[in-house]
Amino acid sequence: MPVATLTPAPARKFSRNPLIAFYQSSIGKKWIVGATGAILFAYVIGHLIGNLQVFLGPDRINGYAQFLHDLGPTLWVIRLSLLLAFIIHIVATIQLAQQNKAARPQAYAVQGYQRSTLTSRTMVVSGLIVLCFVIYHLLHFTFEATNPVFRTLEDSHGRHDVYRMLILGFRKPLISFFYVLSMFLLACHLSHGFASVVQTFGINNSKISGIVARSGESLASLIFIGYISIPIFILLRIVH
Amino acid sequence: MNFNLKIWRQAEGSAAGKFVDYQAKEIPAEASFLEMLDIVNEGLIARNEEPVAFDSDCREGICGTCSLVINGVPHGPGKAKTTCQLYMRRFRDGDTIWVEPFRVLAFPIIKDLIVNRSALDQIVEAGGYISVRAGSAPEANGIAVSKRDADLSMEAAACIGCGACAAACPNSSAMLFTAAKISHLGLLPQGQVERSRRAVSMVRKMDELGFGNCSNQYECEAVCPAEISAGFIARLNRDYAGSAVKEAVLAE
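On a predicted model such as this, the values are computed, not experimentally measured, just so you know. (Residues numbered from 1 in each chain as written. Chains lettered and ligands numbered in written order. Predicted model: local features only at pLDDT ≥ 70, side-chain atom pairs only at ≥ 80, totals over all residues. Heavy atoms only, no water.)

Asker: For this particular structure, what's the right way to read the overall build of chain A?
Answerer: If you tally the helices and strands in chain A, you get nine helices and zero strands. Across chain A, helices and strands are ordered from the amino to the carboxyl terminus as α-α-α-α-α-α-α-α-α. Counting only C-alpha atoms, chain A reaches 85 × 40 × 35 Å along its principal axes. Taking all 240 residues of chain A together, 39% fall into the buried category. Taking all contacts inside chain A whose residues are at least 6 apart in sequence as the whole, residues at least 24 apart take part in 70%. Between the centroid of the 19 positive side chains of chain A and the centroid of its 7 negative side chains there is a distance of 24 Å. (Helix = DSSP H or I, 4+ residues; strand = E, 2+ residues; numbered from the N terminus. Buried < 20%, exposed > 50% of the residue type's maximum accessible area, 1.4 Å probe, protein only. Contact = heavy atoms within 4.5 Å. Lys, Arg positive; Asp, Glu negative; His and termini not counted. Charge placed at Lys NZ, Arg CZ, Asp CG, Glu CD.)

Encoded structure:
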(Lines give C-alpha, C1' and ligand atoms only; values in the text may rest on other atoms or scores of the structure.)
Protein backbone atom coordinates (compact mmCIF):
# COMPACT_ATOMS: atom_id res chain seq x y z
CA MET A 1 0.00 0.00 0.00
CA PRO A 2 1.46 3.40 -0.90
CA VAL A 3 2.15 5.46 2.19
CA ALA A 4 1.45 9.18 1.87
CA THR A 5 4.56 11.25 2.46
CA LEU A 6 4.42 14.59 4.22
CA THR A 7 4.54 17.72 2.11
CA PRO A 8 8.16 18.90 2.07
CA ALA A 9 7.22 22.59 2.22
CA PRO A 10 7.39 23.66 5.90
CA ALA A 11 4.17 25.02 7.37
CA ARG A 12 6.14 27.83 9.00
CA LYS A 13 9.29 29.64 7.91
CA PHE A 14 12.00 31.09 10.12
CA SER A 15 14.22 34.16 9.81
CA ARG A 16 18.02 33.89 10.07
CA ASN A 17 17.90 36.67 12.64
CA PRO A 18 17.74 34.84 16.01
CA LEU A 19 15.54 37.52 17.60
CA ILE A 20 12.94 37.32 14.82
CA ALA A 21 13.24 33.52 14.75
CA PHE A 22 12.52 33.45 18.49
CA TYR A 23 9.32 35.42 17.91
CA GLN A 24 8.40 33.13 14.99
CA SER A 25 8.74 29.97 17.08
CA SER A 26 5.71 28.66 18.93
CA ILE A 27 7.40 28.82 22.34
CA GLY A 28 9.04 32.19 21.70
CA LYS A 29 5.73 33.73 20.77
CA LYS A 30 4.17 32.28 23.90
CA TRP A 31 6.92 33.90 25.98
CA ILE A 32 6.06 37.25 24.36
CA VAL A 33 2.33 36.72 25.00
CA GLY A 34 3.12 35.70 28.59
CA ALA A 35 5.43 38.66 29.25
CA THR A 36 2.98 41.24 27.84
CA GLY A 37 0.14 39.47 29.65
CA ALA A 38 2.06 39.69 32.93
CA ILE A 39 2.57 43.46 32.41
CA LEU A 40 -1.16 43.92 31.75
CA PHE A 41 -2.03 41.70 34.73
CA ALA A 42 0.13 43.89 36.98
CA TYR A 43 -1.61 46.97 35.58
CA VAL A 44 -5.06 45.49 36.30
CA ILE A 45 -4.04 45.04 39.95
CA GLY A 46 -2.50 48.53 40.17
CA HIS A 47 -5.56 50.12 38.59
CA LEU A 48 -7.82 48.29 41.03
CA ILE A 49 -5.85 49.54 44.05
CA GLY A 50 -6.15 53.07 42.63
CA ASN A 51 -9.88 52.73 42.01
CA LEU A 52 -10.69 51.30 45.44
CA GLN A 53 -9.71 54.68 46.91
CA VAL A 54 -13.20 55.80 45.91
CA PHE A 55 -14.30 54.19 49.19
CA LEU A 56 -11.98 56.56 51.09
CA GLY A 57 -13.94 59.61 49.93
CA PRO A 58 -13.78 62.28 47.22
CA ASP A 59 -10.69 63.99 48.61
CA ARG A 60 -8.60 60.82 48.45
CA ILE A 61 -9.46 59.68 44.90
CA ASN A 62 -9.43 63.21 43.43
CA GLY A 63 -6.01 63.73 44.99
CA TYR A 64 -4.86 60.41 43.53
CA ALA A 65 -6.11 61.43 40.06
CA GLN A 66 -4.32 64.76 40.39
CA PHE A 67 -1.13 62.91 41.42
CA LEU A 68 -1.35 60.75 38.27
CA HIS A 69 -1.90 63.79 36.04
CA ASP A 70 1.01 65.60 37.66
CA LEU A 71 3.31 62.76 36.60
CA GLY A 72 3.26 64.43 33.16
CA PRO A 73 5.69 62.75 30.75
CA THR A 74 6.11 59.75 33.08
CA LEU A 75 2.37 59.09 32.82
CA TRP A 76 2.64 59.07 29.04
CA VAL A 77 5.60 56.70 29.13
CA ILE A 78 3.49 54.32 31.24
CA ARG A 79 0.45 54.76 28.98
CA LEU A 80 2.42 54.15 25.78
CA SER A 81 4.20 51.12 27.29
CA LEU A 82 0.84 49.65 28.24
CA LEU A 83 -0.54 50.36 24.77
CA LEU A 84 2.48 48.66 23.20
CA ALA A 85 2.14 45.62 25.50
CA PHE A 86 -1.58 45.50 24.67
CA ILE A 87 -0.97 45.58 20.90
CA ILE A 88 1.84 42.98 20.99
CA HIS A 89 -0.28 40.72 23.24
CA ILE A 90 -3.21 40.86 20.81
CA VAL A 91 -1.22 40.54 17.56
CA ALA A 92 0.86 37.58 18.81
CA THR A 93 -2.23 35.83 20.21
CA ILE A 94 -4.17 36.22 16.97
CA GLN A 95 -1.21 34.77 15.05
CA LEU A 96 -1.04 31.83 17.48
CA ALA A 97 -4.79 31.26 17.19
CA GLN A 98 -4.63 31.24 13.38
CA GLN A 99 -1.81 28.69 13.43
CA ASN A 100 -3.77 26.58 15.91
CA LYS A 101 -6.83 26.63 13.68
CA ALA A 102 -4.75 25.65 10.65
CA ALA A 103 -3.20 22.74 12.59
CA ARG A 104 -6.59 20.97 12.69
CA PRO A 105 -8.28 21.38 9.30
CA GLN A 106 -11.13 19.05 10.22
CA ALA A 107 -12.79 19.19 13.62
CA TYR A 108 -13.82 16.06 15.54
CA ALA A 109 -17.45 15.01 15.15
CA VAL A 110 -17.63 14.45 18.92
CA GLN A 111 -15.80 16.64 21.45
CA GLY A 112 -14.52 14.77 24.48
CA TYR A 113 -12.72 17.42 26.52
CA GLN A 114 -11.13 15.94 29.64
CA ARG A 115 -9.11 18.63 31.35
CA SER A 116 -9.59 21.98 29.63
CA THR A 117 -12.08 24.49 30.99
CA LEU A 118 -14.60 26.72 29.26
CA THR A 119 -12.46 29.72 30.25
CA SER A 120 -9.28 28.17 28.83
CA ARG A 121 -10.99 27.37 25.53
CA THR A 122 -12.50 30.85 25.14
CA MET A 123 -9.44 33.01 25.80
CA VAL A 124 -9.63 34.66 22.37
CA VAL A 125 -13.34 35.47 22.76
CA SER A 126 -13.00 36.79 26.32
CA GLY A 127 -9.92 38.75 25.29
CA LEU A 128 -11.61 40.40 22.30
CA ILE A 129 -14.69 41.36 24.35
CA VAL A 130 -12.40 42.84 27.02
CA LEU A 131 -10.68 44.79 24.20
CA CYS A 132 -14.04 46.27 23.19
CA PHE A 133 -14.69 47.11 26.83
CA VAL A 134 -11.30 48.82 27.20
CA ILE A 135 -11.99 51.02 24.16
CA TYR A 136 -15.39 52.05 25.58
CA HIS A 137 -13.92 52.47 29.07
CA LEU A 138 -11.22 54.86 27.77
CA LEU A 139 -13.83 56.89 25.82
CA HIS A 140 -16.05 56.93 28.91
CA PHE A 141 -13.73 57.86 31.78
CA THR A 142 -10.30 58.77 30.30
CA PHE A 143 -11.10 60.82 27.20
CA GLU A 144 -14.64 61.56 28.44
CA ALA A 145 -15.79 61.53 24.83
CA THR A 146 -19.08 59.71 25.51
CA ASN A 147 -19.96 62.07 28.36
CA PRO A 148 -18.31 65.49 27.73
CA VAL A 149 -20.07 66.80 30.85
CA PHE A 150 -17.48 64.87 32.94
CA ARG A 151 -14.85 67.38 31.79
CA THR A 152 -16.57 70.20 33.62
CA LEU A 153 -16.60 68.46 37.00
CA GLU A 154 -14.37 70.18 39.56
CA ASP A 155 -14.11 69.73 43.32
CA SER A 156 -13.65 72.50 45.93
CA HIS A 157 -9.85 72.41 45.43
CA GLY A 158 -10.24 73.05 41.70
CA ARG A 159 -9.21 69.46 40.87
CA HIS A 160 -10.97 67.24 38.34
CA ASP A 161 -13.80 65.63 40.33
CA VAL A 162 -13.21 61.95 39.55
CA TYR A 163 -15.40 60.94 42.48
CA ARG A 164 -18.52 62.58 41.03
CA MET A 165 -17.63 61.31 37.58
CA LEU A 166 -17.69 57.72 38.90
CA ILE A 167 -20.98 58.29 40.75
CA LEU A 168 -22.66 59.80 37.68
CA GLY A 169 -21.16 57.15 35.37
CA PHE A 170 -22.16 54.12 37.41
CA ARG A 171 -25.63 55.31 38.47
CA LYS A 172 -26.79 54.21 35.04
CA PRO A 173 -27.80 50.54 35.56
CA LEU A 174 -27.13 49.53 31.94
CA ILE A 175 -23.57 50.87 32.05
CA SER A 176 -22.91 49.21 35.40
CA PHE A 177 -24.35 45.95 34.07
CA PHE A 178 -21.98 45.91 31.09
CA TYR A 179 -19.14 46.93 33.36
CA VAL A 180 -19.80 43.93 35.65
CA LEU A 181 -20.16 41.60 32.65
CA SER A 182 -16.85 42.81 31.21
CA MET A 183 -15.14 42.35 34.56
CA PHE A 184 -16.45 38.78 34.67
CA LEU A 185 -14.92 38.04 31.26
CA LEU A 186 -11.71 39.79 32.32
CA ALA A 187 -11.60 37.57 35.42
CA CYS A 188 -12.10 34.45 33.27
CA HIS A 189 -9.27 35.62 31.01
CA LEU A 190 -6.94 36.34 33.93
CA SER A 191 -7.75 33.06 35.66
CA HIS A 192 -6.33 30.96 32.81
CA GLY A 193 -3.85 33.73 31.98
CA PHE A 194 -2.16 33.55 35.38
CA ALA A 195 -1.67 29.77 35.27
CA SER A 196 -0.53 30.03 31.64
CA VAL A 197 2.14 32.63 32.39
CA VAL A 198 3.54 30.45 35.18
CA GLN A 199 3.62 27.46 32.81
CA THR A 200 5.08 29.40 29.85
CA PHE A 201 7.83 30.91 31.98
CA GLY A 202 8.70 27.36 33.03
CA ILE A 203 8.10 27.91 36.74
CA ASN A 204 5.45 25.17 36.87
CA ASN A 205 5.85 21.47 37.61
CA SER A 206 3.52 18.55 38.31
CA LYS A 207 3.68 19.07 42.09
CA ILE A 208 2.56 22.72 42.10
CA SER A 209 0.36 22.85 38.98
CA GLY A 210 -2.82 22.39 41.05
CA ILE A 211 -1.84 25.24 43.38
CA VAL A 212 -0.96 27.43 40.39
CA ALA A 213 -4.38 26.83 38.81
CA ARG A 214 -6.20 27.55 42.10
CA SER A 215 -4.08 30.69 42.63
CA GLY A 216 -5.11 31.96 39.19
CA GLU A 217 -8.78 31.37 40.01
CA SER A 218 -8.47 33.00 43.45
CA LEU A 219 -6.61 36.06 42.16
CA ALA A 220 -9.09 36.48 39.31
CA SER A 221 -12.01 36.19 41.77
CA LEU A 222 -10.51 38.84 44.07
CA ILE A 223 -9.94 41.16 41.10
CA PHE A 224 -13.54 40.58 39.96
CA ILE A 225 -15.00 41.30 43.40
CA GLY A 226 -12.79 44.36 43.81
CA TYR A 227 -13.77 45.92 40.50
CA ILE A 228 -17.50 45.22 40.63
CA SER A 229 -17.76 46.48 44.22
CA ILE A 230 -17.48 50.05 42.88
CA PRO A 231 -20.50 50.09 40.50
CA ILE A 232 -22.55 47.95 42.89
CA PHE A 233 -21.97 50.22 45.90
CA ILE A 234 -22.73 53.25 43.75
CA LEU A 235 -25.91 51.69 42.33
CA LEU A 236 -27.05 50.77 45.85
CA ARG A 237 -26.43 54.43 46.85
CA ILE A 238 -24.04 53.27 49.60
CA VAL A 239 -21.40 55.42 47.93
CA HIS A 240 -22.97 58.70 46.91
CA MET B 1 -22.98 -6.92 23.98
CA ASN B 2 -24.27 -4.93 21.01
CA PHE B 3 -23.09 -1.52 19.83
CA ASN B 4 -23.98 1.04 17.16
CA LEU B 5 -20.72 2.17 15.60
CA LYS B 6 -20.22 5.34 13.61
CA ILE B 7 -16.85 4.80 11.94
CA TRP B 8 -14.94 7.27 9.76
CA ARG B 9 -14.33 5.73 6.32
CA GLN B 10 -11.93 7.34 3.86
CA ALA B 11 -10.55 5.39 0.87
CA GLU B 12 -7.28 7.35 0.83
CA GLY B 13 -5.74 10.60 2.05
CA SER B 14 -6.91 12.68 -0.91
CA ALA B 15 -10.45 11.24 -0.94
CA ALA B 16 -13.39 12.69 0.96
CA GLY B 17 -14.35 10.76 4.08
CA LYS B 18 -17.61 10.18 5.92
CA PHE B 19 -19.07 8.37 8.91
CA VAL B 20 -20.64 4.98 8.14
CA ASP B 21 -22.96 3.13 10.56
CA TYR B 22 -22.09 -0.42 11.55
CA GLN B 23 -23.72 -2.80 14.00
CA ALA B 24 -21.35 -4.70 16.32
CA LYS B 25 -23.32 -7.73 17.50
CA GLU B 26 -22.65 -10.32 20.21
CA ILE B 27 -19.37 -8.77 21.32
CA PRO B 28 -17.88 -10.36 24.47
CA ALA B 29 -17.53 -7.86 27.34
CA GLU B 30 -13.89 -8.89 27.75
CA ALA B 31 -13.04 -8.06 24.11
CA SER B 32 -10.68 -5.14 23.68
CA PHE B 33 -11.80 -2.28 21.45
CA LEU B 34 -9.50 -3.52 18.70
CA GLU B 35 -10.84 -7.09 19.04
CA MET B 36 -14.35 -5.68 18.70
CA LEU B 37 -13.26 -4.02 15.45
CA ASP B 38 -11.68 -7.34 14.36
CA ILE B 39 -15.07 -9.02 14.84
CA VAL B 40 -16.81 -6.28 12.86
CA ASN B 41 -14.18 -6.62 10.11
CA GLU B 42 -14.66 -10.40 9.92
CA GLY B 43 -18.34 -9.74 9.28
CA LEU B 44 -17.48 -7.21 6.57
CA ILE B 45 -15.04 -9.60 4.90
CA ALA B 46 -17.64 -12.40 4.99
CA ARG B 47 -20.06 -10.04 3.21
CA ASN B 48 -17.31 -9.15 0.70
CA GLU B 49 -17.08 -5.57 1.92
CA GLU B 50 -13.93 -3.55 2.54
CA PRO B 51 -12.79 -4.01 6.16
CA VAL B 52 -12.14 -0.94 8.35
CA ALA B 53 -8.43 -0.05 8.27
CA PHE B 54 -6.89 0.71 11.67
CA ASP B 55 -3.39 0.57 13.17
CA SER B 56 -2.30 -1.94 15.80
CA ASP B 57 0.78 -3.91 16.69
CA CYS B 58 1.71 -5.22 20.15
CA ARG B 59 -1.84 -5.01 21.58
CA GLU B 60 -0.44 -4.78 25.09
CA GLY B 61 -0.05 -1.02 25.46
CA ILE B 62 3.67 -0.62 24.94
CA CYS B 63 4.29 0.01 21.24
CA GLY B 64 2.24 3.16 20.63
CA THR B 65 0.89 1.96 17.30
CA CYS B 66 -2.84 1.89 17.97
CA SER B 67 -4.62 5.21 17.78
CA LEU B 68 -8.34 6.05 17.24
CA VAL B 69 -10.41 8.82 18.74
CA ILE B 70 -13.33 7.17 20.51
CA ASN B 71 -16.28 9.42 21.40
CA GLY B 72 -13.98 12.42 21.05
CA VAL B 73 -11.19 11.05 23.25
CA PRO B 74 -7.90 9.68 21.86
CA HIS B 75 -7.54 6.06 23.10
CA GLY B 76 -11.11 6.33 24.43
CA PRO B 77 -12.40 6.67 28.00
CA GLY B 78 -10.22 5.93 31.01
CA LYS B 79 -6.76 6.93 32.13
CA ALA B 80 -3.26 5.69 31.32
CA LYS B 81 -4.11 3.20 28.60
CA THR B 82 -4.01 2.78 24.87
CA THR B 83 -6.92 1.77 22.63
CA CYS B 84 -5.79 -1.88 22.72
CA GLN B 85 -6.17 -1.79 26.53
CA LEU B 86 -9.72 -0.43 26.35
CA TYR B 87 -12.29 -3.16 27.01
CA MET B 88 -15.88 -3.21 25.83
CA ARG B 89 -17.13 -3.70 29.41
CA ARG B 90 -16.42 0.03 29.86
CA PHE B 91 -19.38 0.74 27.56
CA ARG B 92 -23.07 0.04 28.09
CA ASP B 93 -24.94 -2.46 25.98
CA GLY B 94 -26.53 -0.65 23.03
CA ASP B 95 -24.19 2.38 23.21
CA THR B 96 -23.52 4.45 20.11
CA ILE B 97 -19.76 4.83 19.70
CA TRP B 98 -18.08 7.35 17.37
CA VAL B 99 -14.71 6.23 15.99
CA GLU B 100 -12.51 8.80 14.24
CA PRO B 101 -8.87 9.04 13.20
CA PHE B 102 -6.42 11.41 14.94
CA ARG B 103 -7.24 14.76 13.33
CA VAL B 104 -3.97 16.66 13.08
CA LEU B 105 -2.66 18.48 9.98
CA ALA B 106 0.79 16.97 10.52
CA PHE B 107 -0.74 13.44 10.70
CA PRO B 108 -2.24 13.00 7.20
CA ILE B 109 -4.85 10.26 6.86
CA ILE B 110 -3.63 7.23 4.92
CA LYS B 111 -6.86 5.25 4.99
CA ASP B 112 -9.96 5.14 7.22
CA LEU B 113 -8.60 5.36 10.78
CA ILE B 114 -4.89 5.10 9.91
CA VAL B 115 -2.82 8.27 9.98
CA ASN B 116 0.84 8.84 9.11
CA ARG B 117 2.63 9.79 12.33
CA SER B 118 6.12 10.02 10.82
CA ALA B 119 6.08 13.72 11.75
CA LEU B 120 6.95 12.56 15.28
CA ASP B 121 9.96 10.67 13.90
CA GLN B 122 11.03 13.82 12.09
CA ILE B 123 10.99 15.76 15.36
CA VAL B 124 13.23 13.12 16.95
CA GLU B 125 15.51 13.15 13.89
CA ALA B 126 15.95 16.91 14.38
CA GLY B 127 17.89 16.35 17.61
CA GLY B 128 16.36 13.71 19.87
CA TYR B 129 19.58 11.75 20.21
CA ILE B 130 23.04 11.87 21.78
CA SER B 131 26.06 11.84 19.48
CA VAL B 132 28.58 9.58 21.23
CA ARG B 133 30.90 6.84 20.12
CA ALA B 134 28.96 3.62 20.24
CA GLY B 135 30.86 0.71 21.70
CA SER B 136 30.81 -1.67 24.60
CA ALA B 137 28.80 -0.60 27.65
CA PRO B 138 30.74 1.89 29.83
CA GLU B 139 31.37 1.40 33.55
CA ALA B 140 27.95 1.81 35.20
CA ASN B 141 29.16 4.18 37.93
CA GLY B 142 31.49 6.17 35.67
CA ILE B 143 29.04 9.05 35.38
CA ALA B 144 27.07 9.95 38.51
CA VAL B 145 23.36 10.73 37.99
CA SER B 146 21.21 11.86 40.90
CA LYS B 147 18.24 9.65 41.78
CA ARG B 148 15.88 12.59 41.27
CA ASP B 149 17.11 13.32 37.75
CA ALA B 150 17.25 9.63 36.85
CA ASP B 151 13.62 9.16 37.95
CA LEU B 152 12.42 12.26 36.13
CA SER B 153 14.29 11.29 32.99
CA MET B 154 12.73 7.82 33.16
CA GLU B 155 9.26 9.35 33.49
CA ALA B 156 9.85 11.37 30.31
CA ALA B 157 11.36 8.38 28.51
CA ALA B 158 8.14 6.42 29.14
CA CYS B 159 6.61 8.20 26.12
CA ILE B 160 5.63 5.58 23.53
CA GLY B 161 5.20 8.15 20.76
CA CYS B 162 1.59 7.34 19.94
CA GLY B 163 0.67 10.97 19.16
CA ALA B 164 -2.48 11.01 21.32
CA CYS B 165 -1.21 14.26 22.89
CA ALA B 166 -1.39 16.08 19.55
CA ALA B 167 -4.72 14.41 18.73
CA ALA B 168 -6.25 15.50 22.04
CA CYS B 169 -4.83 19.02 21.99
CA PRO B 170 -7.45 21.62 20.95
CA ASN B 171 -4.60 23.15 18.89
CA SER B 172 -3.07 19.92 17.53
CA SER B 173 0.16 20.77 19.35
CA ALA B 174 2.87 18.15 19.80
CA MET B 175 4.39 19.92 22.80
CA LEU B 176 3.96 17.03 25.26
CA PHE B 177 5.71 14.60 22.90
CA THR B 178 8.52 17.06 22.11
CA ALA B 179 8.87 18.05 25.78
CA ALA B 180 9.20 14.39 26.81
CA LYS B 181 11.82 13.65 24.15
CA ILE B 182 13.85 16.78 24.97
CA SER B 183 13.57 16.30 28.75
CA HIS B 184 14.63 12.66 28.97
CA LEU B 185 17.95 13.52 27.30
CA GLY B 186 18.35 17.00 28.80
CA LEU B 187 18.08 15.65 32.35
CA LEU B 188 21.06 13.32 31.95
CA PRO B 189 24.76 14.28 31.92
CA GLN B 190 25.24 12.60 28.53
CA GLY B 191 22.62 14.89 27.04
CA GLN B 192 24.25 18.17 28.07
CA VAL B 193 26.63 18.60 25.11
CA GLU B 194 23.84 19.05 22.56
CA ARG B 195 21.21 20.32 24.97
CA SER B 196 20.61 23.84 23.64
CA ARG B 197 20.94 22.87 19.97
CA ARG B 198 18.56 19.96 20.57
CA ALA B 199 15.84 22.14 22.14
CA VAL B 200 16.00 24.78 19.40
CA SER B 201 16.09 22.41 16.43
CA MET B 202 13.42 20.00 17.71
CA VAL B 203 11.01 22.84 18.48
CA ARG B 204 11.72 24.37 15.07
CA LYS B 205 10.99 21.06 13.35
CA MET B 206 7.78 20.72 15.34
CA ASP B 207 6.71 24.18 14.16
CA GLU B 208 7.72 23.55 10.55
CA LEU B 209 5.62 20.39 10.44
CA GLY B 210 2.50 22.45 11.11
CA PHE B 211 1.64 21.39 14.65
CA GLY B 212 -0.24 24.03 16.65
CA ASN B 213 0.89 25.95 19.72
CA CYS B 214 0.41 24.87 23.31
CA SER B 215 -2.26 26.89 25.14
CA ASN B 216 -1.75 25.20 28.52
CA GLN B 217 -5.04 23.29 28.63
CA TYR B 218 -3.49 19.88 29.41
CA GLU B 219 -5.84 17.71 27.35
CA CYS B 220 -2.59 15.94 26.33
CA GLU B 221 -1.75 14.96 29.89
CA ALA B 222 -5.28 13.61 30.43
CA VAL B 223 -5.10 11.13 27.51
CA CYS B 224 -1.41 10.17 27.63
CA PRO B 225 -1.11 6.37 27.99
CA ALA B 226 2.31 6.83 29.63
CA GLU B 227 1.01 9.55 31.99
CA ILE B 228 3.66 12.05 30.87
CA SER B 229 3.21 15.16 33.01
CA ALA B 230 2.54 18.58 31.45
CA GLY B 231 5.26 19.72 33.88
CA PHE B 232 7.68 18.58 31.16
CA ILE B 233 6.19 21.26 28.90
CA ALA B 234 7.08 23.88 31.54
CA ARG B 235 10.59 22.41 31.59
CA LEU B 236 10.73 22.67 27.78
CA ASN B 237 9.48 26.28 27.88
CA ARG B 238 12.33 27.37 30.14
CA ASP B 239 14.86 25.12 28.40
CA TYR B 240 13.89 26.56 25.02
CA ALA B 241 14.15 30.21 26.08
CA GLY B 242 17.61 29.64 27.60
CA SER B 243 18.70 27.57 24.61
CA ALA B 244 17.49 30.12 22.05
CA VAL B 245 19.56 32.83 23.79
CA LYS B 246 22.59 30.54 24.06
CA GLU B 247 22.39 29.45 20.42
CA ALA B 248 21.99 33.07 19.25
CA VAL B 249 25.06 34.15 21.22
CA LEU B 250 27.12 31.11 20.12
CA ALA B 251 26.17 31.72 16.49
CA GLU B 252 28.19 34.99 16.50
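Asker: Where do I start with the side chain of H75 of chain B in this structure?
Answerer: For H75 of chain B, the position within the fold is in the loop between strand 4 (73-74) and strand 5 (96-100). We classify H75 of chain B as buried; its relative accessible area is 0%.

Asker: How should I be thinking about helix 2 (residues 118-125) of chain B in this particular structure?
Answerer: Helical periodicity: at 3.6 residues per turn, an α-helix aligns residues three or four positions apart in one direction. All names here are of chain B. Within the sequence span of helix 2, burial applies to A119, L120 and I123. Mapping the buried residues of helix 2 onto a view down its axis gives an arc of 105°, with all of them on the same face. Following helix 2 by one or two positions, G127 has its phi on the positive side, about 160°. (Arc of directions from axis to C-beta.)

Asker: Can you walk me through the packing of helix 6 (residues 195-208) of chain B against helix 8 (residues 231-250) of chain B in this structure?
Answerer: Each pair of packed helices gets described by two things: the angle between the helix axes and the distance between those axes. All names here are of chain B. In the contact formed by helix 6 and helix 8, the axes pass within 8 Å of each other and the chain directions differ by 105°. When the axis of helix 6 is compared with that of helix 8, the two are roughly perpendicular. When helix 6 is examined against helix 8, the residues R195, S196, R197, A199, V200 and V203 are found in contact with a partner set consisting of L236, D239, Y240, S243, A244, K246 and E247. Among the residues making up the contact of helix 6 with helix 8, the classes are represented as six nonpolar, two polar and five charged. (Axes fitted to C-alpha atoms, helices over the stretch in contact; angles between N-to-C directions. Parallel < 35°, antiparallel > 145°, perpendicular 65-115°, else oblique. Nonpolar A, V, L, I, M, F, W, Y, C, P; charged D, E, K, R; others polar.)

Asker: What is the right way to look at the pattern of salt bridges in this model?
Answerer: Note that side chains of opposite charge can pair when their charged atoms are close. All names here are of chain A. Taken as a whole, this structure holds 19 salt bridges over all chains when the rule is applied. Its salt-bridge partner being D59, residue R159 comes within 2.7 Å of it at the nearest N-O pair. Here R159, found in the loop between helix 6 (123-142) and helix 7 (162-170), pairs with D59, found in helix 3 (residues 58-70); they are 100 residues apart in sequence, far enough to count as distant. Of the residues examined, R159 reaches a relative accessible area of 16% and is grouped as buried. Between R214 and E217 there is a salt bridge whose closest N-O contact spans 3.2 Å. With R214 and E217 both in helix 9 (residues 209-235) and three residues apart, this pair spans about one turn of that helix. Put simply, D59, D155 and R159 are held in one network by salt bridges that share partners. (Salt bridge = Lys/Arg side-chain N within 4 Å of Asp/Glu carboxyl O.)

Asker: So what exactly am I meant to see when it comes to the side chain of K111 of chain B here?
Answerer: With respect to the secondary-structure elements, K111 of chain B resides in strand 6 (residues 109-111). In this structure K111 of chain B touches Q10, A11, E50 and A53 of chain B, once residues within four positions along its chain are discounted.

Asker: Just to check I follow, could you spell out the packing of aromatic side chains for this structure?
Answerer: Note on aromatic pairs: each is described by the distance of the centres and the angle between the planes. Considering all chains together, one arrives at 16 aromatic pairs over all chains under this definition. Taking 6.2 Å as the distance between ring centres and 75° as the angle between the ring planes, the aromatic pair formed by F3 of chain B and F91 of chain B counts as edge-to-face. Residue F3 of chain B is found in strand 1 (residues 3-9), and its partner F91 of chain B is found in the loop between strand 4 and strand 5; the two are separated by 88 residues along the sequence. In this structure, F3 of chain B and F91 of chain B share a single accessibility class: buried. A centroid spacing of 6.0 Å and a plane angle of 45° characterise the contact between F33 of chain B and F91 of chain B, whose relative ring orientation is tilted. On the criterion of sequence distance, the pair formed by F33 of chain B in helix 1 (residues 33-46) and F91 of chain B in the loop between strand 4 and strand 5 is long-range, its members being 58 residues apart. Like F91 of chain B, F33 of chain B is buried. Members of the aromatic cluster, connected to one another through ring pairs, are F133, F141, F150, F170 and Y179 of chain A. Across the ring face of Y23 of chain A, the terminal group of K29 of chain A is positioned such that the distance to the ring centre comes to 4.9 Å. (Phe/Tyr/Trp six-rings, centres within 6.5 Å; stacked < 30°, edge-to-face > 60°. Lys NZ or Arg CZ within 6 Å of the ring centre and 35° of its normal.)

Asker: I'm lost on the interface of chain B and chain A in this one. Help?
Answerer: How big an interface is tends to be stated in terms of accessible area lost as the parts join. Counting residues at the interface gives 59 residues for chain B, matched by 50 residues for chain A. With both sides pooled, the region where chain B packs onto chain A buries about 4,300 Å², and carbon together with sulfur makes up 55% of that total. The largest contributions to the chain B side of the interface with chain A come from R103, N213 and Q217 of chain B, which together make up 14% of the buried area. The partner of R12 of chain A in a salt bridge is D207 of chain B, with the nearest N and O atoms 3.6 Å apart. There are 34 residue pairs in polar contact (both at pLDDT 80 or more) connecting chain B and chain A. Mapped by element, the contributors of at least two residues to the side of chain B that touches chain A are strand 5, helix 2, helix 4 (164-168), helix 6, helix 7 (219-223) and helix 8 of chain B. Sort the elements by how many residues they give to the side of chain B that touches chain A and helix 8 of chain B lands first, with 10 residues. (Buried area = accessible area lost by both parts, 1.4 Å probe. Polar contact = N/O pair within 3.5 Å; in protein donor to acceptor, adjacent residues only side chain to side chain.)

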